[in-house]
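Observations on the three-dimensional arrangement
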Amino acid sequence: MKNVLSKIALLSMSALALAACGNSGSATEGSATGTESTATTGEYTDTITIVWYPNESGNDMEASREAIGSYIEEATGKKVEHQLTTDYAIAIEAIANGQANLAFMGAQGYVEAHDKNENVIPLVVPSGESGTLEDAIYYSWINVKKGNEEAYSDGNGGYSLDNIQGKRFSFVSNSSTSGFVVPTSGIIAAFPDEELTQELLMEGGEGKFFSEVLFGGSHQGSAVNLLTDRADVAAFCDTALINYVEAVDGEKNAVGTTYAVKEDAADPFTGMAGQEFVSISVTPVLNAPMVINNDVTSPEDQEALEAIFTSEEMNNDPSIWKDPESEESALFEKEGESQFVTAVDAWFDPIRALSAK
């Protein structure tokens, strides 16, 4: 089983490498607005509305949201409105039907929105340390509560998914890349004899693979399901938890690492300081894009938005890109040359392949 999971991670990395070869983007390479379809209705908005997933709608992300809004107002001369959500589907529908100009969303959510409206395209993606798309990844974790990890030991010093069958499992949302599409793809590959599908894994109960299936609604919510014993096993990602937990035993994003809730963790982790969990599976995932709906965003605004997101000023703002050592919360960590870079729709084809399972 450990070999199977290793192959899943390898395939994910290979797909990423192939996609990156097709578009190794930097702040000066390519143009999302210039390389994608931009046929529009011509009914452009007088304000710029940004819709945010539940993961980024919390009070701890307010400073980052407001900073991004201020840059956009300066660049376009238009007022910015932030639409906060409690459900992935609301954000996906808002960007697809033109209620929002911009959305920061996972790759799977983007794929779903683009399927609904081909004029929803990537604007920028946060890069990796190299400053390009070549290492623009984050990590999907499958986790168990500290003290229960031995039940998932592979007997060779590592962990496997052999014993997750029959357990209570928490996902994030069925539109979540790292909180559903990637972990279910790994589970399907790990249990070939079960003839599983992603749809089958959405339901629990008698005769099902899991005894119960929960959806946290956000990565934070899925983690809370685990820590409050509503779930035995839970999927969530590193970037959504980075402001709330810290590695206390092992290296970040390594299998077997133990994480603990920080002393000053904000909601929904208030009062949970010190509670721990262990990652028994870790898989790389394509970074989440900021996407744009060109039906409702004028060509002038499209150009202004791309320019400001790829500007040195925005990409060095600590309220958006925090120092990894800082205790402050922000949307992203500034590691190496990390910055916003342009991307095209085809970069997300590896996610399309996973979600077709």
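Residues numbered from 1 in each chain as written. Predicted model: local features only at pLDDT ≥ 70, side-chain atom pairs only at ≥ 80, totals over all residues. Heavy atoms only, no water.

What follows is about unusual backbone geometry. Following D267, the chain continues into P268 via a peptide bond in cis, with omega recorded as 10°. As for its position among the elements, P268 is in the loop between β10 (258-261) and β11 (276-286). Not every positive phi belongs to a glycine, and N253 is a case in point at roughly 65°. Summarising the element assignment, N253 is placed in the loop between β9 (245-249) and β10. Under the relative-accessibility criterion, N253 is labelled buried at 17%. (Helix = DSSP H or I, 4+ residues; strand = E, 2+ residues; numbered from the N terminus. Buried < 20%, exposed > 50% of the residue type's maximum accessible area, 1.4 Å probe, protein only.)

Here we come to the side chain of Q108. Along the polypeptide, Q108 turns up in helix α5 (residues 107-116). Leaving out residues up to four positions away in the same chain, Q108 has contacts with S175, S176, T177, V181, I351 and S355. (Contact = heavy atoms within 4.5 Å.)

Viewed as axis vectors pointing N to C, helix α3 (residues 62-76) and helix α9 (residues 299-309) meet at an angle of 130°, and their least axial separation amounts to 9 Å. Regarding the angle of α3 to α9, the classification is oblique. When you trace α3 past α9, the crossing you get is right-handed. Together, I68, Y71, I72, A75 and T76 of α3 and D301, A304, L305, I308 and F309 of α9 make up the contact between the two elements. Looking at the contact of α3 with α9 residue by residue, the classes come out as 8 nonpolar, 1 polar and 1 charged. (Axes fitted to C-alpha atoms, helices over the stretch in contact; angles between N-to-C directions. Parallel < 35°, antiparallel > 145°, perpendicular 65-115°, else oblique. Left-handed = near helix turned anticlockwise from the far one by under 90°. Nonpolar A, V, L, I, M, F, W, Y, C, P; charged D, E, K, R; others polar.)

What follows concerns the pairing of strand β8 (residues 233-237). Counting buried positions along β8 gives 5 out of 5 residues, so the element sits mostly inside the fold. Residues V233, A235 and C237 line one face of β8 and the alternating positions A234 and F236 line the opposite face, and both faces are buried. With 5 bridges joining them, strand β5 (residues 137-145) and β8 adopt antiparallel strand pairing. Across the sheet, S140 pairs through a bridge with C237, a residue of β8. Sheet analysis places strand β6 (residues 168-171) next to β8, joined by 2 bridges and oriented parallel. (Pairing = 2+ DSSP bridges.)

Next up on the list: the packing of aromatic side chains. In the structure shown here, the tally under the stated rule is 23 aromatic pairs. Here the aromatic rings of F180 and F215 are separated by 6.3 Å at their centres, their planes lie at 45°, and the arrangement is tilted. Residue F180 is located in helix α6 (residues 177-190), and its partner F215 is located in strand β7 (residues 212-215); the two are separated by 35 residues in the primary sequence. Judged by relative accessible area, F180 falls into the buried class, the value being 3%. With a relative accessible area of 36%, F215 lands in the partly exposed category. Members of the aromatic cluster, joined through ring pairs, are F169, F171, F180, F191, F209, F210 and F215. The ring of W321 carries the charged tip of K334 above its face, separated from the ring centre by 5.4 Å. (Phe/Tyr/Trp six-rings, centres within 6.5 Å; stacked < 30°, edge-to-face > 60°. Lys NZ or Arg CZ within 6 Å of the ring centre and 35° of its normal.)

A separate point is the packing of helix α4 (residues 88-96) against α5. Angle between the axes and distance between the axes: these two values describe a pair of packed helices. Packing of α4 against α5 leaves a shortest axis separation of 9 Å and a crossing angle of 40°. For the element pair α4 / α5, the angle class is oblique. Remark: the crossing between α4 and α5 carries right-handed chirality. Across from I92, E93, I95 and A96 in α4, the residues of α5 making contact are G109, E112, A113 and K116. Residue composition of the contact of α4 with α5, grouped by class: 4 nonpolar, 1 polar and 3 charged.

In short, shape yes, function no, at least from these values alone.
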